[in-house]
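# Results of the structural survey
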Amino acid sequence: MPADLSPVIAATAQWLTRAFPASGGALASALCEVQARQAVTVAAWLRYPTETDAALLGLLGPGGAARLDWITGADAAADDDPDAHAWRTWVDEVVASWAAGLLTDPELAARAVAAVAADGHGTGTPAEFRRLVAPDDGDRRAAALLRHPDLLAPVTELHRAELLDRLHPGRTLIA
């Protein structure tokens, strides 16, 4: 993974786990965070597949969480200390949308993991992204909100068409 994607992956995963928190204690929070990070990593690798893409992201910036906050109703208070939320500027809306789509659709997640493996990211082994593509009951319970299709639908639908296009290159469009 290009190091340039690390801030985007960390911030976007943090946004997802704050917007759709774990249900339970510390173990549930850790399991939820792992699932969010796996989904965001795959989404970021799909969105920025080359070193050049990652470098351009570093120059231009990802855009921040403002629109996502507005859509989910998680607007930060206006009087909050802006320095405490500086990480939110590194949230990538498209990556968050794609990750939400992967978290709510196991078949799509499996195709995305296969696509990033084909692009040379990761080992391509199912174990690397097991909590994303094959969550067990504990994973599902811990991330009940994070994996709930109805709750994530407003975020997922923002950029779902682009994700499907990315996973189906060369697909003929019928007008």
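Going by the structure above, here's the rest.
What you see is a predicted model, and the numbers here were worked out from it, not measured in a lab.

Below, the discussion takes up helix H5 (residues 93–104). Over its twelve residues, H5 extends 17 Å from the first C-alpha to the last, a length consistent with the 16 Å expected when each residue adds 1.5 Å. Burial analysis of H5 places eleven of its twelve residues in the buried class, which makes it a mostly covered element. Within H5 the residues assigned to the buried category are Glu-93, Val-94, Val-95, Ala-96, Ser-97, Trp-98, Ala-99, Ala-100, Gly-101, Leu-102 and Leu-103.

Now for a nonpolar patch on the surface. The grouping of Leu-56, Leu-59 and Leu-60 at the surface amounts to a nonpolar patch, some 370 Å² of accessible area in total. For Leu-59, the position within the fold is in helix H3 (residues 51–60). The class for Leu-59 is exposed, based on a relative accessible area of 70%.

The subject of this paragraph is the nonpolar core. The biggest cluster of nonpolar side chains holds 47 residues, and the ones touching the most others in it are Trp-15, Val-42, Leu-46, Leu-102 and Leu-132. For this core, the secondary-structure elements that each account for two or more residues are helix H1 (6–19), helix H2 (26–47), H3, H5, helix H6 (106–118), helix H9 (149–156) and helix H10 (160–167). No other element matches the nine residues that H2 contributes to this core. Dropping the residues within four chain positions of it, Leu-46 is found in contact with Trp-98, Ala-112, Ala-115, Val-116, Leu-163, Arg-166 and Leu-167.

Before going further, it helps to spend a moment on H9. Within an α-helix, residues lying three or four positions from one another point in the same direction, as the helix has 3.6 residues per turn. Every buried residue of H9 is accounted for by Leu-152, Val-155 and Thr-156. Each buried residue of H9 lies within a common arc of 90 degrees when the element is viewed along its axis, so the set occupies one face. The inward-facing, buried residues of H9 contact H1, helix H4 (66–72), H5 and H10.

Below, the discussion takes up the side chain of Gln-35. Along the chain, Gln-35 falls in helix H2. The residues contacting Gln-35, other than those within four sequence positions of it, are Leu-103, Arg-131, Pro-135, Asp-139, Ala-143, Leu-146 and Arg-147.

Moving on: the pattern of salt bridges. Where side chains of opposite charge bring their charged atoms close, a pairing between them can arise. The full count for this structure, using the stated rule, is seven salt bridges. With a closest N to O distance of 2.7 Å, Glu-93 and Arg-67 form a salt bridge. Of the two residues, Glu-93 sits in helix H5 while Arg-67 sits in helix H4, which places them 26 residues apart along the sequence. Using a relative accessible area of 13% as the deciding quantity, one classes Glu-93 as buried. Asp-139 is paired through a salt bridge with Arg-131; the nearest N and O atoms lie 2.6 Å apart. Look at Asp-139 and you get buried, because its relative accessible area is 0%.

Now for the packing of H2 against H5. Packing of H2 against H5 leaves a shortest axis separation of 8 Å and a crossing angle of 120 degrees. By the angle class used here, H2 and H5 are oblique. H2 and H5 meet at a crossing whose hand is right-handed. Contact residues: H2 offers Gln-35, Ala-39, Val-40, Val-42, Ala-43, Ala-44, Leu-46 and Arg-47, while H5 offers Val-94, Val-95, Trp-98, Ala-99, Leu-102 and Leu-103.

As a further point, take the packing of aromatic side chains. Given two aromatic rings, one states the distance between the centres and the angle between the planes to describe the pair. Under the criterion given, the structure shown has two aromatic pairs. Taken together, a centroid distance of 6.2 Å and an interplanar angle of 80 degrees make the contact between Trp-15 and Phe-20 edge-to-face. Each member of the pair, Trp-15 as well as Phe-20, is classed as buried. Residues Trp-45 and Phe-129 carry aromatic rings whose centres are separated by 6.0 Å and whose planes lie at 90 degrees to one another, so their mutual orientation is edge-to-face. Separated by 84 residues along the polypeptide, Trp-45 in helix H2 and Phe-129 in the loop between H6 and helix H7 (130–133) bring together distant segments of the chain. We classify Trp-45 as buried; its relative accessible area is 5%. What makes Phe-129 buried here is its relative accessible area of 5%.

Calculation notes
Residues numbered from 1 in each chain as written. Predicted model: local features only at pLDDT ≥ 70, side-chain atom pairs only at ≥ 80, totals over all residues. Heavy atoms only, no water. Helix = DSSP H or I, 4+ residues; strand = E, 2+ residues; numbered from the N terminus. Expected span 1.5 Å × (residues − 1). Buried < 20%, exposed > 50% of the residue type's maximum accessible area, 1.4 Å probe, protein only. Patch = residues over 30% accessible without salt bridge, like charges linked within 9 Å, V, L, I, M, F, W, Y side chains within 5 Å. Areas by Shrake-Rupley, 256 points an atom, 1.4 Å probe, with all protein chains shown as cover. Salt bridge = Lys/Arg side-chain N within 4 Å of Asp/Glu carboxyl O. Core = buried A, V, L, I, M, F, W, Y, C linked by side-chain atoms within 4.5 Å. Contact = heavy atoms within 4.5 Å. Arc of directions from axis to C-beta. Axes fitted to C-alpha atoms, helices over the stretch in contact; angles between N-to-C directions. Parallel < 35°, antiparallel > 145°, perpendicular 65-115°, else oblique. Left-handed = near helix turned anticlockwise from the far one by under 90°. Phe/Tyr/Trp six-rings, centres within 6.5 Å; stacked < 30°, edge-to-face > 60°.

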